[in-house]
Amino acid sequence: MDKLDKFEDFLEEGKKIQIKRKYTENHPAHTVGKTANVRNEILKAVKDGVITEEEFTKILSKLSTSPKRWRTTNSKYFFVSEEGVRLSKWGLRILSEVDETPKLKTFAICEATVTMDAMDPKSKLLKKLLKKNNVEMEILTMKGPSNWPEVELTGSREDLQAVLGSPDGWDDPELGEYIEESREGKITERYEVIFSDGISQIQKFRDEKGAISFMKKEIESNKKLRDIAVYKAGSGFHSTTQTEFVVKFWGNGSYLDNVSKRDKDLASKKLQENTNMENTFSIHESFSAFTGANGFLNEKLGSQILASILMGNKEGKHGKENLKRLAGGFYQMAKVALDKIQDEDFILDNDPQKAFKNHGGSSNIIFFISDNEKENPYLPDNSGSYGSLATIPGGGILLAAMGGDREFYTNDWSRYSKNRAWKKDGRKGSEDQVGVNKKYRGWGASGLNNGKRIAEVSDRVIIVNLDLIRQKYSTQQLRDARSAAKAGATAFKSDKDFKADNKNRYHQILATKAASMPIDKMVEGAIDELGNQIKAGLNSGEKTKYGEIKIGENSKGREVKLRDASNHMSNILDNYSRYCDYIKQGEESEARYGQSESYYERESKNYAKEIKDQISKIKGFDYAW
């Protein structure tokens, strides 16, 4: 077996379980490893139904050396309620793959689905009815085509029919005609509208006309809209990158828009309405600390969840300004690549009043969010009418950013560093903390001066662990790599110097990991091959039309000069350095926490693929512009 065959085997190794399908490159599929022993044993322990929290804690303590951390990191696999702990849909999907004698069908947890408007999806009567009939409900959006919240119900046809016909439900048995049944995980044909206005959302329709109508209304009314597309979601539809299922799309700069520039069939499906609407955002170059001192250029946020938090429920230039200011301060505190952080790095929790109990610890940042407008019960009598927050706004506004230790964050300006940075100020409530005004008393006060009060008026919380994202996305590695790259790119006088300098850097990089992989020898061979090209060029004495040393011509007939080879080798070693570092970090994560973050494996394979593509260009001199 040659090197390339071994390399392809490496890219395919490590079986994954998919728990969420892909929505464009910005929203990748969620996958987890199949061989996480601690996770699998705990899922099997809970599989038979509901266990008490005490039993759950005892089981976890026996299986994990860091039970509190494990529970925080893996909370998405479980539902915790007054009754106890049971498996979520994601937990059930994983269990169906890893259990030796599964009682569940993979991805076929429920027999049927139906999408309905719901006046009050949080109604206690409705929740009791759903529980009684063994029906699960997911809120798709709080503002559907009819301006009411829209939900998806899943269960057996008989149970769904009972819920739709009940006076405590929809009180209309004839709605049963909209129930769509599935068999072995295959859902009957329908249309899906997938769109993003800072948060990725999906709407489902029975016919194309209804889907297109909703699409046009959303373009006209949603000022934050970035992109939207209608898909014919029949058999075989698994990802929004499958352009053959696209019916219509809209949004300049979106994934589909970029693909359509080289796909005439897809280009014909672009909807040309309101294309002047502002539908993208980025961190501007005035974000000086991010673009200047640290060497980054205009990077977009990789997580839509983080973007929605930092936009602060503002639109247009106000939202961009809010994003720029808060993201700049967040970066200065965390020193992580903001374009790398993904939605999967956040924990979502709909029980704000238990936030500190469930997500305590100084390394956690808890974002308190208000989705529904409400009266402020803590408004002081002497607050006056201006800026006092008598009514707490909804729409996803950030009320506060707090540590798990109950301390508020501020975003303070430093006259020494000339930029903002998040930090805990040690105070109760004040006007200048991240989020809304938290002044306790006096003119303009809100009374929301502590974590307990903030939690009571919030609808949900979003949690991120600082230690974890620093471990995964620290920018120190990138800054070090840029410095090291200069030696291999510029310091050689002959083919021997070129090989010596780059092999020295190669061995330094290789020393960061103990494992030997096929890619290592491929990189070493690339240094020799480029060195030989340089040697042949120097011996021939040929010059380009501009008087530079010529070492060959590429497949398009363009002249290749010595500097092209040097730059290409530098780029290969840059990617090789990052590849080795991700391999090392994955091993360290597994040793520390019992399982490796999927992020490390995914990123190492991405860089390995990039290196392979770069090396394949050497033989034909196709690395030159």
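Summarised in this report is the structure supplied together with it. (Residues numbered from 1 in each chain as written. Predicted model: local features only at pLDDT ≥ 70, side-chain atom pairs only at ≥ 80, totals over all residues. Heavy atoms only, no water.)

1. Some details on the side chain of Asp 459
Reasoning step 1: Mapping Asp 459 onto the fold places it in the loop between helix 15 (451-456) and strand 21 (460-465).
Reasoning step 2: Reaching out from Asp 459, the side chain makes a polar contact with the backbone nitrogen of Asn 372 at a distance of 2.9 Å. (Helix = DSSP H or I, 4+ residues; strand = E, 2+ residues; numbered from the N terminus. Polar contact = N/O pair within 3.5 Å; in protein donor to acceptor, adjacent residues only side chain to side chain.)

2. Describing the environment of Ile 392
Reasoning step 1: Looking at the secondary structure, you find Ile 392 in strand 17 (residues 391-392).
Reasoning step 2: For the pair Ile 392 and Val 436, spaced 44 residues apart in sequence, the C-alpha separation works out to 9.1 Å.
Reasoning step 3: Every residue in contact with Ile 392, bar those within four places of it in the chain, is listed here: Ser 370, Asn 372, Glu 373, Lys 374, Asn 376, Leu 399, Leu 448 and Val 457. (Contact = heavy atoms within 4.5 Å.)

3. Some points on the nonpolar core
Reasoning step 1: One finds Phe 330, Ile 341, Phe 367, Trp 422, Tyr 576 and Tyr 579 to be the most contacted residues of the largest nonpolar core, which totals 63 residues.
Reasoning step 2: Top contributing element to this core by residue count: helix 20 (residues 562-593), with ten residues.
Reasoning step 3: In this structure Trp 422 touches Leu 310, Leu 326, Gly 329, Phe 330, Met 333, Phe 367, Ala 401, Tyr 409, Thr 410, Asn 411 and Val 434, once residues within four positions along its chain are discounted.
Reasoning step 4: In terms of nonpolar packing, the next biggest core, distinct from the first, is built from 19 residues, Ile 347, Phe 368, Ile 397 and Phe 408 among them. (Core = buried A, V, L, I, M, F, W, Y, C linked by side-chain atoms within 4.5 Å. Buried < 20%, exposed > 50% of the residue type's maximum accessible area, 1.4 Å probe, protein only.)

4. Some remarks on the packing of aromatic side chains
Reasoning step 1: With the rule as written, the count across this model stands at ten aromatic pairs.
Reasoning step 2: Arranged with centres 5.8 Å apart and planes meeting at 40°, the rings of Phe 356 and Phe 368 form a pair that is tilted. Of this pair, Phe 356 sits in helix 14 (residues 355-358) while Phe 368 sits in strand 15 (residues 361-370), and the two are twelve residues apart along the sequence.
Reasoning step 3: A residue is classified by how much of its surface remains accessible, and Phe 356, at 11% relative accessible area, is buried. (Phe/Tyr/Trp six-rings, centres within 6.5 Å; stacked < 30°, edge-to-face > 60°.)

5. Here's the deal with the packing of helix 18 (residues 495-510) against helix 19 (residues 518-540)
Reasoning step 1: Orientation of helix 18 relative to helix 19, taken along the N-to-C sense of each, is 170°, at an axis distance of 9 Å. Considering the angle they form, helix 18 stands roughly antiparallel to helix 19. Where helix 18 abuts helix 19, its residues Asp 495, Phe 498, Lys 499, Asn 502, Lys 503, Tyr 506, His 507 and Leu 510 lie against Asp 520, Lys 521, Val 523, Glu 524, Ile 527, Asp 528, Leu 530, Gly 531, Asn 532, Ile 534, Lys 535 and Leu 538.
Reasoning step 2: Classifying every residue of the contact of helix 18 with helix 19 gives eight nonpolar, four polar and eight charged. (Axes fitted to C-alpha atoms, helices over the stretch in contact; angles between N-to-C directions. Parallel < 35°, antiparallel > 145°, perpendicular 65-115°, else oblique. Nonpolar A, V, L, I, M, F, W, Y, C, P; charged D, E, K, R; others polar.)

6. Quick notes on the environment of Tyr 576
Reasoning step 1: Tracing the backbone through its elements, the reader meets Tyr 576 in helix 20.
Reasoning step 2: Residues Tyr 576 and Ile 611 lie 35 residues apart in sequence; the distance between their C-alpha atoms is 7.0 Å.
Reasoning step 3: Those residues within four positions of Tyr 576 in sequence are excluded, and the remaining contacts are Tyr 506, Ile 509, Leu 510, Ile 519, Asp 520, Val 523 and Ile 611.

7. Describing helix 8 (residues 208-221)
Reasoning step 1: Over its 14 residues, helix 8 runs 20 Å from end to end, which matches the ideal 20 Å to within 8%, given 1.5 Å per residue.
Reasoning step 2: When helix 8 is considered as a whole, its buried residues turn out to be Ala 211, Ile 212, Phe 214, Met 215, Glu 218 and Ile 219. Angularly, the buried residues of helix 8 cover 160° about the axis, an arc narrow enough to put them on a single face. Along helix 8, exposed side chains directed more than 90 degrees from the buried face belong to Lys 209, Lys 217, Glu 220 and Ser 221. (Expected span 1.5 Å × (residues − 1). Arc of directions from axis to C-beta.)

8. Observations regarding the pattern of salt bridges
Reasoning step 1: For the coordinates displayed, the defined rule picks out 16 salt bridges.
Reasoning step 2: Here Arg 427 and Asp 425 are joined by a salt bridge, their closest N and O atoms 2.8 Å apart.
Reasoning step 3: Where Arg 427 meets Asp 432, a salt bridge forms, and the shortest distance between an N and an O atom there is 3.1 Å.
Reasoning step 4: The partly exposed category is assigned to Arg 427, whose relative accessible area is 40%.
Reasoning step 5: Under the relative-accessibility criterion, Asp 432 is labelled partly exposed at 44%. (Salt bridge = Lys/Arg side-chain N within 4 Å of Asp/Glu carboxyl O.)

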